[in-house]
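As a plain string of letters, each chain reads:
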Amino acid sequence: MVNRPDWDQYFMEIAAVVASRSTCMRRQVGSLLVLNKRILATGYNGAPVGLAHCGEIGCLRQEMQVPSGERHELCRGLHAEQNAIIQAAVHGVAIMHSNLYCTHYPCAVCAKMLVNAGVKSIILADNYPDSLAKKIFSEAGVQVKFIV
């Protein structure tokens, strides 16, 4: 019998491939929005469509020595979770009650967006230093779990 990954492993492996498209110089993040074992949208972190990538012009956060997890507005890029939500909206795909698979824990800004978009659970491979995001998910009743 062939050793197949379970669904969480399967979707997390896809999120890792999506992250490989990232144009961020500091961290490559990939995400998927999934409902009933079907991928609704994907996203990776990087500059908006048509703008120069940070690898081409430099990283503002790096230049300003902004610590990880702080001052998210000082970045020209969008987060993977934001791009997945935007892609779903652009293509008219409802994401209410979906699950987010993401290579890293969302920041507080993304957490608020995911709660308002109706995402019911977050499945993660790696952590991120944002205690407010954890509080937001807990208060909103969004399930969070880590997988290897």
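Let me begin by describing the structure that accompanies this report. (Residues numbered from 1 in each chain as written. Predicted model: local features only at pLDDT ≥ 70, side-chain atom pairs only at ≥ 80, totals over all residues. Heavy atoms only, no water.)

**Thoughts on the overall build of the protein**
Step number 1: Helices and strands together make up the secondary structure of the protein, namely 6 helices and 5 strands.
Step number 2: Against the compact-globule benchmark of 15 Å for 148 residues, the protein has a radius of gyration of 15 Å, which places it among compact chains.
Step number 3: On the principal axes, the C-alpha backbone points of the protein span a range of 50 × 35 × 30 Å.
Step number 4: Residue burial in the protein is summarised as follows: out of 148 residues, 43% are buried.
Step number 5: The contacts of the protein with a sequence gap of at least 6 include a subset with a gap of at least 24, amounting to 53%.
Step number 6: For the protein, the accessible surface area stands at approximately 8,500 Å², while carbon and sulfur atoms represent 54% of it.
Step number 7: Computed over 14 positive and 11 negative side-chain charges, the inter-centroid distance for the protein is 4 Å. (Helix = DSSP H or I, 4+ residues; strand = E, 2+ residues; numbered from the N terminus. Rg over C-alpha atoms; globule rule 2.2 N^0.38 Å. Buried < 20%, exposed > 50% of the residue type's maximum accessible area, 1.4 Å probe, protein only. Contact = heavy atoms within 4.5 Å. Areas by Shrake-Rupley, 256 points an atom, 1.4 Å probe, with all protein chains shown as cover. Lys, Arg positive; Asp, Glu negative; His and termini not counted. Charge placed at Lys NZ, Arg CZ, Asp CG, Glu CD.)

**Remarks on the layout of surface pockets**
Step number 1: As a volume, the largest pocket reaches approximately 390 Å³.
Step number 2: Across the lining of the largest pocket, the residue classes tally to 11 nonpolar, 8 polar and 4 charged.
Step number 3: Empty space within the second largest pocket amounts to approximately 280 Å³.
Step number 4: Contributing to the lining of the second largest pocket are 15 residues, with Tyr44, Ala47, Val49, Asn83 and Gln87 lying nearest its centre.
Step number 5: Elements with a contribution of two residues or more to the lining of the second largest pocket: strand S2 (38–44) and helix H4 (80–90). (1 Å grid on protein atoms, 1.4 Å probe; cavity = no way out; pocket = protein on both sides within 12 Å on 5 of 7 lines; lining within 4 Å. Points joined across faces, edges and corners; volume = space filled by probe spheres on them. Nonpolar A, V, L, I, M, F, W, Y, C, P; charged D, E, K, R; others polar.)

**Re the packing of helix H5 (residues 108–116) against helix H6 (residues 131–140)**
A pair of packed helices is captured by two measures, namely the crossing angle of their axes and the spacing between those axes.
Step number 1: Two elements in contact, H5 and H6, have axes whose closest approach is 8 Å; the angle formed by their N-to-C orientations is 20°. Regarding the angle of H5 to H6, the classification is roughly parallel. The way H5 lies across H6 gives a crossing that is right-handed. Contacts between H5 and H6 involve Ala108, Ala111, Lys112, Leu114 and Val115 from the first element and Leu132, Ala133, Ile136, Phe137 and Ala140 from the second.
Step number 2: When the residues that make up the contact of H5 with H6 are grouped by side-chain class, the tally is 9 nonpolar, no polar and 1 charged. (Axes fitted to C-alpha atoms, helices over the stretch in contact; angles between N-to-C directions. Parallel < 35°, antiparallel > 145°, perpendicular 65-115°, else oblique. Left-handed = near helix turned anticlockwise from the far one by under 90°.)

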